[in-house]
Amino acid sequence: MKVLVAGAHGNTARRLVRALVKNGHEVRGLVRKEGQLPDVEADGAEAVLVDLEAEEVDGAVGEAVAGCDAVVFAAGAGAGSGAARKETMDYGGAAKLVEAAEKKGVGRYLMLSSMGADDPEGRDEAMRPYLRAKGRADEKLRESGLEWTIIRPGRLTDGEGAGRIDAAESLGRYGEIPREDVAAAFAVALESPNTVGKTFEILSGETPVREALEGL
Ligand SMILES: NC(=O)c1ccc[n+]([C@@H]2O[C@H](COP(=O)([O-])OP(=O)(O)OC[C@H]3O[C@@H](n4cnc5c(N)ncnc54)[C@H](OP(=O)(O)O)[C@@H]3O)[C@@H](O)[C@H]2O)c1
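Residues numbered from 1 in each chain as written. Predicted model: local features only at pLDDT ≥ 70, side-chain atom pairs only at ≥ 80, totals over all residues. Heavy atoms only, no water.

- Looking at an unreviewed UniProt entry, one finds the chain named NAD(P)H-binding protein and attributed to Rubrobacter tropicus.

## Details of the UniProt feature "domain: NAD(P)-binding" (unreviewed entry) in the chain
Reasoning step 1: As recorded in UniProt, the sites labelled "domain: NAD(P)-binding" (unreviewed entry) are residues 7-193.
Reasoning step 2: The annotated region residues 7-193 carries 40% helix and 20% strand content, and the separation between its end C-alpha atoms amounts to 24 Å. (UniProt positions renumbered as here; feature names shortened; annotations may be inferred. Helix = DSSP H or I, 4+ residues; strand = E, 2+ residues; numbered from the N terminus.)

## Concerning the pattern of salt bridges
Reasoning step 1: For the structure shown, the criterion picks out 16 salt bridges.
Reasoning step 2: With its nearest N and O atoms 2.8 Å apart, the salt bridge here joins R14 to D43. Of this pair, R14 sits in helix α1 (residues 11-22) while D43 sits in the loop between α2 (37-42) and β3 (46-49), and the two are 29 residues apart along the sequence. (Salt bridge = Lys/Arg side-chain N within 4 Å of Asp/Glu carboxyl O.)

## Section: the environment of E46
Reasoning step 1: You can see E46 is positioned in strand β3.
Reasoning step 2: Classification of E46 as partly exposed rests on a relative accessible area of 37%.
Reasoning step 3: C-alpha separation for the pair E46 and L4, spaced 42 residues apart in sequence, amounts to 9.4 Å.
Reasoning step 4: Apart from residues lying up to four places away in sequence, E46 is in contact with K2, V27, R28 and G29. (Buried < 20%, exposed > 50% of the residue type's maximum accessible area, 1.4 Å probe, protein only. Contact = heavy atoms within 4.5 Å.)

## Observations regarding the packing of aromatic side chains
Reasoning step 1: Scanning the entire structure with this criterion turns up zero aromatic pairs.
Reasoning step 2: Here the basic side chain of R136 rests over the ring of Y91, its NZ or CZ set 3.9 Å away from the ring centre. (Phe/Tyr/Trp six-rings, centres within 6.5 Å; stacked < 30°, edge-to-face > 60°. Lys NZ or Arg CZ within 6 Å of the ring centre and 35° of its normal.)

## Quick word on the packing of helix α3 (residues 57-65) against helix α4 (residues 83-103)
Reasoning step 1: The interhelical angle for the contact between α3 and α4, taken along N-to-C directions, is 70 degrees, at an axis separation of 9 Å. Classified by the angle between their axes, α3 and α4 sit roughly perpendicular to one another. Residues V57, D58, V61, G62 and V65 of α3 form the contact with α4, whose participating residues are K96, L97, E99, A100, A101 and K103.
Reasoning step 2: The residue inventory of the contact of α3 with α4, partitioned by class, reads six nonpolar, one polar and four charged. (Axes fitted to C-alpha atoms, helices over the stretch in contact; angles between N-to-C directions. Parallel < 35°, antiparallel > 145°, perpendicular 65-115°, else oblique. Nonpolar A, V, L, I, M, F, W, Y, C, P; charged D, E, K, R; others polar.)

## Some remarks on the nonpolar core
As a rule of thumb, nonpolar side chains are buried together in soluble globular proteins.
Reasoning step 1: V5, L16, L20, I165, F186 and I202 are the most contacted members of the largest nonpolar core, which totals 35 residues.
Reasoning step 2: Sort the elements by how many residues they give to this core and helix α6 (residues 179-190) lands first, with eight residues.
Reasoning step 3: Residues contacting L16, with those up to four places away along its chain left out, are V5, V72, A183, F186 and A187. (Core = buried A, V, L, I, M, F, W, Y, C linked by side-chain atoms within 4.5 Å.)

## Here we look at α1
Reasoning step 1: For α1, which comprises twelve residues, the first-to-last C-alpha distance of 17 Å matches the rise-based estimate of 16 Å (1.5 Å per residue) to within 8%.
Reasoning step 2: For α1, every residue scored as buried is listed here: T12, A13, L16, V17 and L20. Within α1, the buried residues cover an arc of 135 degrees as seen down the axis, which keeps them to one side.
Reasoning step 3: Turning to α1, the residues buried within the fold contact β1 (2-6), β2 (26-31), β4 (70-73), β5 (108-112), β7 (155-157) and α6. (Expected span 1.5 Å × (residues − 1). Arc of directions from axis to C-beta.)

## Observations concerning the side chain of T199
Reasoning step 1: Its location among the elements puts T199 in strand β10 (residues 198-204).
Reasoning step 2: There is a polar contact of 3.3 Å between the side chain of T199 and the side chain of R142.
Reasoning step 3: Not counting the four nearest positions on each side in its chain, T199 is found in contact with R142, W148, I150, R152 and E169. (Polar contact = N/O pair within 3.5 Å; in protein donor to acceptor, adjacent residues only side chain to side chain.)

## A short note on the pairing of β3
If a strand is regular, its side chains alternate between the two faces of the sheet.
Reasoning step 1: The pairing of β2 with β3 spans four bridges and is classified as parallel. Looking at the pairing, R28 lines up with E46 of β3. (Pairing = 2+ DSSP bridges.)

## Quick look at the site of the ligand
Reasoning step 1: Around the ligand lies a shell of 28 residues, among which T12, E53, A75, Y130 and R179 are the nearest.
Reasoning step 2: Contact distances for the ligand include 3.3 Å between an oxygen atom and a backbone N or O atom of G10.
Reasoning step 3: The contact in question runs from an oxygen atom of the ligand to an N or O atom on the side chain of R179, over 2.7 Å.
Reasoning step 4: Relative to its free-state accessible area of 920 Å², the ligand is covered by the protein chains to the extent of 84%.
Reasoning step 5: Using a 2 Å cut-off from the grid points, one finds that the ligand occupies the largest pocket. (Near = heavy atom within 4 Å. Areas by Shrake-Rupley, 256 points an atom, 1.4 Å probe, with all protein chains shown as cover. 1 Å grid on protein atoms, 1.4 Å probe; cavity = no way out; pocket = protein on both sides within 12 Å on 5 of 7 lines; lining within 4 Å. Sits in = over half its atoms within 2 Å of the grid points.)

In structure tokens, the structure reads:
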């Protein structure tokens, strides 16, 4: 498959790009800083320069998804950003890619969401703008005609992946998961038709990634 990874220089996305390339996919990595292009190319992807907040669906965003079979949204405004960028990036960037994917006939869209995106008001006040934005982006994707999968991890860590996770629509607990295992879950979900039309949470757990997703 030809896969666009948005936010390709991100800490989870770089692991995902490498996993997808290893699995034989052709990857286009979208970044917003010129200095990040060489790293993305070194990871094995074609690198494209697009700022998802500044560019338009009928311009560079559309061009970036054209010709792809799938989009993975793994970008994000980041922990240090304020409420305005939660709106323009965490919601707006993801939403633009949904519209662009529909316009360009990209069938599949996988969203890197977050635990708590279904219940922002029940979470810590500081997290609410972020979780509201993530929840609205998920809603936008669900209302699209795309074959979507929404994956909601807990707190991301840079620890070594264990290759074992728990996955369920609702896990009923909060916790952590290494970015490497999140990347592995996306790589498996991309090739798993049973995950289409599903929203589910993932955390470090006991079950091999493929088996955990087969059980959804
Ligand atoms: N951190 C957590 O515990 C946690 C938990 C659950 C879900 N998530 C979600 O998981 C995803 C990945 O998290 P992460 O920590 O691996 O990400 P990350 O390292 O912060 O990477 C995010 C990437 O998005 C890029 N980006 C920001 N604004 C952009 C724009 N306007 N156009 C294009 N790219 C842009 C950033 O580029 P720059 O380098 O240029 O800023 C960065 O490379 C995010 O969607 C996040 O919301 C995070």
